[in-house]
Amino acid sequence: MDKREVTAPITCPCCSSFFRDPRLLPCLHSLCLECITLCSRGELPSARNPATSSPSSVRCPVCQFQAAIPQGGFPVDLWKCHLLDLAPLVAEGGTHKPGTTTTTAAPPRECVECGSHDVPWWCPTCGAFLCADDKAHHSRARKTASHNVVTVDQIRTQTSVTPAEPKPALCSKHPHEELRWYCNTDKSLICRDCTLIDHKNHDFVFSSDLSSKFKENIASLCSKLSSCLEKLSLSKLTAIGCCKNADEVSEKVEAEIRTEFAKIVAAVNSREALMLSELKTITETAKKTFQEHIDECDNKMKDAQEAQEYAQQATMRFTDLQLVAVNYTLTSRVKNLCDSGAENDSPAPNELKVRFECDSTAVCGTISSLGRLVPEAMRELKQLGQMVPSTTFRQAQKLFVDNTTGKVYWSSSYATLQLTEFANMTSFLNNTNPRQFTLKGMPNRPGGTYQAVHNGHVYCTPYNQATMTKVRVSDGSIVATAPLPNAGYSGQSAWDWGGDTDTCWYVDAGGVLYALHAPPDNSHIHITRVDPDSLAILQTWTVPRTKRRVGFAFVVCGRFYFGNTHACGVVDGVFDTTTGDYDYNYRNTLPTFGKYVRLTSWIPSTNQLIVVDSPDNSGTSDSKFGVFLIDDVAL
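In what follows, the accompanying structure is described. (Residues numbered from 1 in each chain as written. Predicted model: local features only at pLDDT ≥ 70, side-chain atom pairs only at ≥ 80, totals over all residues. Heavy atoms only, no water.)

## What about the overall build of the protein?
If you tally the helices and strands in the protein, you get 10 helices and 35 strands. Within the protein, buried positions represent 48% of all 635 residues. The long-range fraction of contacts in the protein, counting pairs at least 24 apart against all pairs at least 6 apart in sequence, stands at 52%. Carbon and sulfur atoms form 49% of the exposed surface of the protein, whose accessible area is close to 30000 Å². (Helix = DSSP H or I, 4+ residues; strand = E, 2+ residues; numbered from the N terminus. Buried < 20%, exposed > 50% of the residue type's maximum accessible area, 1.4 Å probe, protein only. Contact = heavy atoms within 4.5 Å. Areas by Shrake-Rupley, 256 points an atom, 1.4 Å probe, with all protein chains shown as cover.)

## Some details on the pairing of strand β29 (residues 559-563)
For β29, the tally of buried residues reaches five of five residues, placing the bulk of the element in the interior. What you see with β29 is no split at all: R559, Y561 and G563 on one side and F560 and F562 on the other are buried throughout. The sheet contact formed by strand β28 (residues 552-556) and β29 spans five bridges and is antiparallel. When the bridges of β29 are listed, F554 appears paired with Y561. (Pairing = 2+ DSSP bridges.)

## Digging into the layout of surface pockets
Estimated volume of the second largest pocket: approximately 1200 Å³. Taken together, 35 residues make up the lining of the second largest pocket; nearest its centre are G72, G73, F74, P75 and S188. Residue assignment for the lining of the second largest pocket shows that the elements contributing at least two residues are β1 (22-24), β11 (188-190) and α9 (320-343). Looking at the lining of the second largest pocket, the element that brings in the most residues is α9, giving seven residues. Split by residue class, the lining of the second largest pocket holds 20 nonpolar, nine polar and six charged. (1 Å grid on protein atoms, 1.4 Å probe; cavity = no way out; pocket = protein on both sides within 12 Å on 5 of 7 lines; lining within 4 Å. Points joined across faces, edges and corners; volume = space filled by probe spheres on them. Nonpolar A, V, L, I, M, F, W, Y, C, P; charged D, E, K, R; others polar.)

## What about the side chain of T577?
Mapped onto the fold, T577 is located in the loop between β30 (570-576) and β31 (581-583). Engagement of the side chain of T577 in a polar contact is seen with the backbone oxygen of G558, the distance being 2.7 Å. Each residue touching T577, except ones within four places of it in the same chain, is listed here: Y514, W541, G558 and F560. (Polar contact = N/O pair within 3.5 Å; in protein donor to acceptor, adjacent residues only side chain to side chain.)

## A few points about empty space enclosed by the protein
Enumeration according to the criterion identifies five cavities of 30 Å³ or more in this entry. Taken as a whole, the largest cavity spans an internal volume of roughly 150 Å³. Lining the largest cavity are 15 residues, with V401, A452, V507, S601 and W602 sitting closest to its centre. Looking at side-chain class alone, the lining of the largest cavity contains 12 nonpolar, three polar and no charged residues.

## A short note on the packing of aromatic side chains
Per the counting criterion, the structure on display carries 17 aromatic pairs. Summarising the aromatic geometry, the rings of Y514 and W541 are spaced 6.2 Å apart at their centres and angled 55 degrees between planes, so their arrangement reads as tilted. Pair noted here: Y514 is in strand β25 (residues 513-517) and W541 is in strand β27 (residues 537-546), with a separation of 27 residues, a long-range link. Here Y514 matches W541 in class, with each residue buried. Ring centres of F560 and F562 lie 6.3 Å apart, and the angle between their planes is 20 degrees; on these two criteria the pair is classed as stacked. For F560, a relative accessible area of 0% translates into the label buried. Taking the relative accessible area as the measure of exposure, F562 reaches 0% and is therefore buried. Ring-pair connections join several aromatic residues into one group, and the members of that group are Y450, Y506, Y514, W541, F560, F562, Y582 and Y584. The ring of W121 carries K135 above its face, with NZ or CZ at 4.5 Å from the centroid. (Phe/Tyr/Trp six-rings, centres within 6.5 Å; stacked < 30°, edge-to-face > 60°. Lys NZ or Arg CZ within 6 Å of the ring centre and 35° of its normal.)

## Considering a positive patch on the surface
Residues K187, K213, K224 and K335 make up a contiguous surface patch of positive charge. Mapping K224 onto the fold places it in helix α7 (residues 207-261). (Patch = residues over 30% accessible without salt bridge, like charges linked within 9 Å, V, L, I, M, F, W, Y side chains within 5 Å. Salt bridge = Lys/Arg side-chain N within 4 Å of Asp/Glu carboxyl O. Lys, Arg positive; Asp, Glu negative; His and termini not counted. Charge placed at Lys NZ, Arg CZ, Asp CG, Glu CD.)

## Side note on the sheet that holds β25
Note: strands within a sheet are paired through backbone hydrogen bonds, in either parallel or antiparallel orientation. With respect to topology, four strands assemble into an open sheet ordered β24-β25-β26-β27, the strand pairing being antiparallel. Each edge of the open sheet carries a strand with a single partner, namely β24 (504-507) and β27. The sheet shows a mean angle of 20 degrees between the axes of neighbouring strands, direction not considered. (Axes fitted to C-alpha atoms, helices over the stretch in contact; angles between N-to-C directions.)

## Some thoughts on the nonpolar core
Of all hydrophobic cores here, the largest spans 57 residues; its most connected members are C12, L25 and L330. At the level of secondary structure, the elements contributing two or more residues to this core comprise β2 (30-32), α2 (33-40), α3 (78-86), β10 (181-183), β11, α7, α8 (269-317) and α9. Not counting residues within four places of it along the chain, the set of residues in contact with C12 comprises S17, F19, L31, C32 and C35. The next biggest cluster of nonpolar side chains, apart from the first, holds 54 residues, and it includes F422, C460, V550 and A553. (Core = buried A, V, L, I, M, F, W, Y, C linked by side-chain atoms within 4.5 Å.)

## Section: the side chain of T144
Mapped onto the fold, T144 is located in the loop between α4 (132-140) and β9 (150-151). In terms of polar contacts, T144 uses its side chain to reach the backbone carbonyl oxygen of H138, at 2.4 Å.

## Let's talk about the pattern of salt bridges
A pair can form between side chains of opposite charge whenever their charged atoms are brought close. Taken as a whole and assessed by the stated rule, the structure comprises 15 salt bridges. The partner of E177 in a salt bridge is R192, with the nearest N and O atoms 2.9 Å apart. One end of the pair, E177, is in the loop between α5 (152-156) and β10; the other, R192, is in helix α6 (residues 192-196), with 15 residues separating them in the sequence. A relative accessible area of 18% places E177 in the buried class. By sharing partners, the salt bridges in this structure join E177, R192 and D193 into a single network.

Here is the structure:
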């Protein structure tokens, strides 16, 4: 056991002294019994909001959790008590109290036999301190003669402490009896006398019989807690991006406002000031919302991480008795955190988007209604950042990123059921720890180039079918299928330049799933929003563009950007799913290195655009395709 594990957790967060009779709160933090009493009265500075304190409850000074004091008080923290027994081995002189010039004395080293202080010997087997006389007796006694008694100075020169068996936990009502039973009725440890008196008709069992069961239950709850942490982390990351983007959006719109108002006579100056004021209000309100969401995520993540760390410590280091003692409190806390996460997975707020609308030819008589600020839910792609190639040109035909996990899925071949999984983009670029798996449930290889991966599932359509298919990444099995109306499929209808109909899949910010498809007659393409869980069709838009005029496409926050041909990186049309409008006049260019863009895909979490490109214009050799990343896409 590392010395830091002994000293770090045995200081009370209220009094900054070593624990005196530590008690475990439902939030898994511990306080001295005396500090709990003072906190409930609001008499300690650590109780930040005394107005919420009452004799029947206490606010934890660490996480501000308001806990009702149960009848009989909070349970004794047996793990902290065990660490307190070991603390004199590593504590030297005392510990400094933060924010003060005082020092807290370490727990005394008392001889287990005679009670004398500052004794020099310690028996790791018994976990007991001994004076010189009792050490000699200890070494001669038949039961303890084999024990390796060492000096305290010897222990302090080591980097670790040899664990000792905890002292027996004694019943507070029957001080001579050990706590060996657990009462399922009252959720508490009891002794033999308790089973005959206060708990006579209750359901109780030996605590050692429950330890394995409780460990399995705690491990299962920790798994659910990990899922909650992942969702909170992703939600926080999205909110941080929204907060950063708000200033950029505000600056852009402010410039538009100033340009338009410069064309208008001085009579509109008051209106200009009003517009800028409204923009500031909208921006600050949005930033406040984003910051509140970030703070909420921080608080929830902190609570969940602390509970997870405590649970892991409990399963790995607690004795059976200690584990049983904290099981009810621990599982209740974890269940509450999991239930809280299930009720509200803390979805990130919509990003700020403001558009300034103004007719500069409007007459001065209508100036009171001139211009308005329009907050929008979606972002608009105006220009693309600099393309940054990988240090090694990675051959690729397909590349998808699971935005919920950051894992990368890659294939060097166009027609295959095999994909390779990497932990993240860095691992992919360095070819580190790849894991191959097969979409074994598929009747045929996925049709087309564009598949999507979201939350551990691949979304695609088989080569010769118009069937939406959801495949689990962990085992390659099919989870769900559903028909996709008005969709041709690969190989059904060849086009004059050699391509054919297929269905493309995209995952947008917030886990929004889209399928882009067209009928075999090459009429206008359709964009269908699909529920990622059930594959139910939520909404469909018709885009005034044919599928054969789509060489590549990608979606950024509900706006689909289309390139007419693979042979160049020109983006020449945008469809907005928010308004249903198609912009024929939009023009932009991918800063591509090659001449045949096969695949483009936006990664919301990192604001990068994946481009699978070829250094020549043949578009025929799989080995000539590679991956490039466009970093910091300007939105």
